Amino acid sequence: AGFVGQQRQAGVVQAVGVAGRQGQTSVVFTTGGRTEKFAMRQLPELDEACFVQMGDFVKAAFTSAIKRKMTRVYVGAMVGKLTKMGQGLTVTHAWKAEIDRDLLAAAADAVGAPRDLEIRAAETARFAAERLAALGLTVDFHRELARRAILSLKGQYPGHYRLAVLVCDFEGQFICRVDEEEVL
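Note that the coordinates shown come from a computational prediction; the quantities given were computed from them, not determined experimentally. (Residues numbered from 1 in each chain as written. Predicted model: local features only at pLDDT ≥ 70, side-chain atom pairs only at ≥ 80, totals over all residues. Heavy atoms only, no water.)

**Observations concerning the overall build of the protein chain**
The condition that has to hold: Secondary structure elements follow DSSP: runs of H or I of four or more residues count as helices, runs of E of two or more count as strands, with numbering from the N terminus. Put simply, the radius of gyration uses C-alpha atoms, and a globule should come to 2.2 Å times the residue count raised to 0.38. Partly exposed describes any residue whose relative accessible area lies between the buried limit of under 20% and the exposed limit of over 50%, with all areas from a 1.4 Å probe on protein chains only and scaled to the type maximum. Any pair of residues with heavy atoms lying within 4.5 Å of one another is described as a contacting pair.
The helix and strand tally for the protein chain stands at seven helices and five strands. What you see in the protein chain, going N to C, is helices and strands ordered as α-β-α-β-α-β-α-α-α-α-β-β. Taken over C-alpha atoms, the radius of gyration comes to 16 Å for the protein chain, in line with the 16 Å a tight globule of 184 residues would show. Taken along the three principal axes of its C-alpha coordinates, the protein chain extends 50 × 35 × 30 Å. Buried positions account for 49% of the 184 residues belonging to the protein chain. Looking at the protein chain alone, contacts between residues at least 24 apart form 65% of all its contacts between residues at least 6 apart.

This is how it looks when you write it as structure tokens:
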């Protein structure tokens, strides 16, 4: 993971530890600054210590939350990282793995998008999201991706926590929230 990566990963684990030592029972993992600001607006009742920028380190984030016995885990993400979580990637860095076009296409199919959308040819998850937005399927498509991310994350990181995924667009505006109770 390289030295910088190891430092960042350790920072994620440390931040979850700080929240736990403060008696927090919820943690909110975000993929960066924009998703963190978005998540803070969505969950104003939570202490600042609950918000942890996990970046690409999904596995480190979830394993430390489970170890710290967090009862609520939230994930704030945009379409690209959401898709990678749905793929089951433990590290979601753009260079580490191709975006799963089959997953994007399956999610598009699941929400009734026409098959000639060329989602499988999409270079990015953002392109796919823009194609679906043009059809008025933004919320449905992102809900489907969030559903798949929850199934993948709960399958990979079983534990006694309840998971919710909060999805925003590239401007940090709310698209949807999906709680595991709707999925599992």
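There is more to say, and it comes next.
**Considerations on the pattern of salt bridges**
Our working rule: The term salt bridge refers to a side-chain nitrogen of Lys or Arg lying within 4 Å of a carboxyl oxygen of Asp or Glu.
Using the criterion set out here, one finds 12 salt bridges in the structure. Between Arg-177 and Asp-179 there is a salt bridge, with its nearest N and O atoms 3.0 Å apart. A relative accessible area of 29% means that Arg-177 is categorised as partly exposed. In this structure Asp-179 comes out as buried when scored by relative accessible area, which is 14%.

**Considerations on the nonpolar core**
Threshold: Nonpolar cores were defined as sets of buried Ala, Val, Leu, Ile, Met, Phe, Trp, Tyr and Cys residues, with membership established by side-chain atoms within 4.5 Å.
The biggest cluster of nonpolar side chains holds 49 residues, and the ones touching the most others in it are Phe-29, Phe-62, Val-73, Val-75, Leu-132 and Phe-141. Considering each element in turn, this core owes the most residues, six residues, to helix α7 (residues 138-156). Contact partners of Leu-132, with chain neighbours within four places excluded, come to Ala-108, Val-111, Ala-113, Leu-117, Ile-119, Leu-137, Thr-138 and Phe-141. In this structure, Ala-39, Leu-46, Phe-51 and Leu-166 belong to the second largest nonpolar core, which totals 12 residues.

**Here we look at the environment of Val-16**
Of note, Val-16 is situated in helix α1 (residues 2-21). In this structure Val-16 comes out as buried when scored by relative accessible area, which is 0%. C-alpha separation for the pair Val-16 and Phe-29, spaced 13 residues apart in sequence, amounts to 9.5 Å.

**Some thoughts on the packing of helix α6 (residues 125-134) against α7**
For clarity, the cut-off: Whenever a helix is involved, its axis is fitted only over the stretch in contact; in every case the axis is a line through C-alpha atoms, and angles between N-to-C directions fall within 0 to 180 degrees. When describing relative orientation, an angle under 35 degrees is termed roughly parallel and one over 145 degrees roughly antiparallel, while 65 to 115 degrees is termed roughly perpendicular and anything else oblique. Each residue gets one of three labels, nonpolar for Ala, Val, Leu, Ile, Met, Phe, Trp, Tyr, Cys and Pro, charged for Asp, Glu, Lys and Arg, and polar for the others, Gly among them.
Look at α6 against α7: their axes get within 8 Å of each other, and the N-to-C directions meet at 140 degrees. Here α6 is positioned oblique relative to α7, judged by the angle of their axes. Listed contacts from α7 to Ala-128, Ala-129, Leu-132 and Ala-133 of α6 are Thr-138, Phe-141 and His-142. Here the residues of the contact of α6 with α7 are counted per class, giving five nonpolar, two polar and no charged.

**Focus: the pairing of strand β5 (residues 174-179)**
Note the threshold: In short, DSSP must find at least two bridges between two strands for them to pair.
Across five bridges, strand β4 (residues 162-168) lies against β5 in antiparallel orientation. Paired with Ala-164 across the strands is Asp-179, a residue of β5. Counted between consecutive antiparallel strands, the loop separating β4 from β5 contains five residues, among which Gly-172 sits at a positive phi close to 85 degrees.

**So, the side chain of Glu-144**
By secondary structure assignment, the location of Glu-144 is in helix α7. For Glu-144, a relative accessible area of 10% gives the class buried. When near neighbours in sequence (up to four residues on either side) are disregarded, Glu-144 contacts Ala-107, Ala-110 and Val-111.

**Observations concerning helix α4 (residues 79-86)**
α4 sits mainly inside the fold: six of its eight residues count as buried. The set of residues buried in α4 consists of Val-79, Leu-82, Thr-83, Lys-84, Met-85 and Gly-86. Those residues of α4 that are buried lie in contact with α3 (58-67), β3 (72-77), α5 (101-110), α6, α7 and β4. Immediately beyond the C-terminal end of α4, within one or two residues, lies Gly-88, with a positive phi of roughly 85 degrees.

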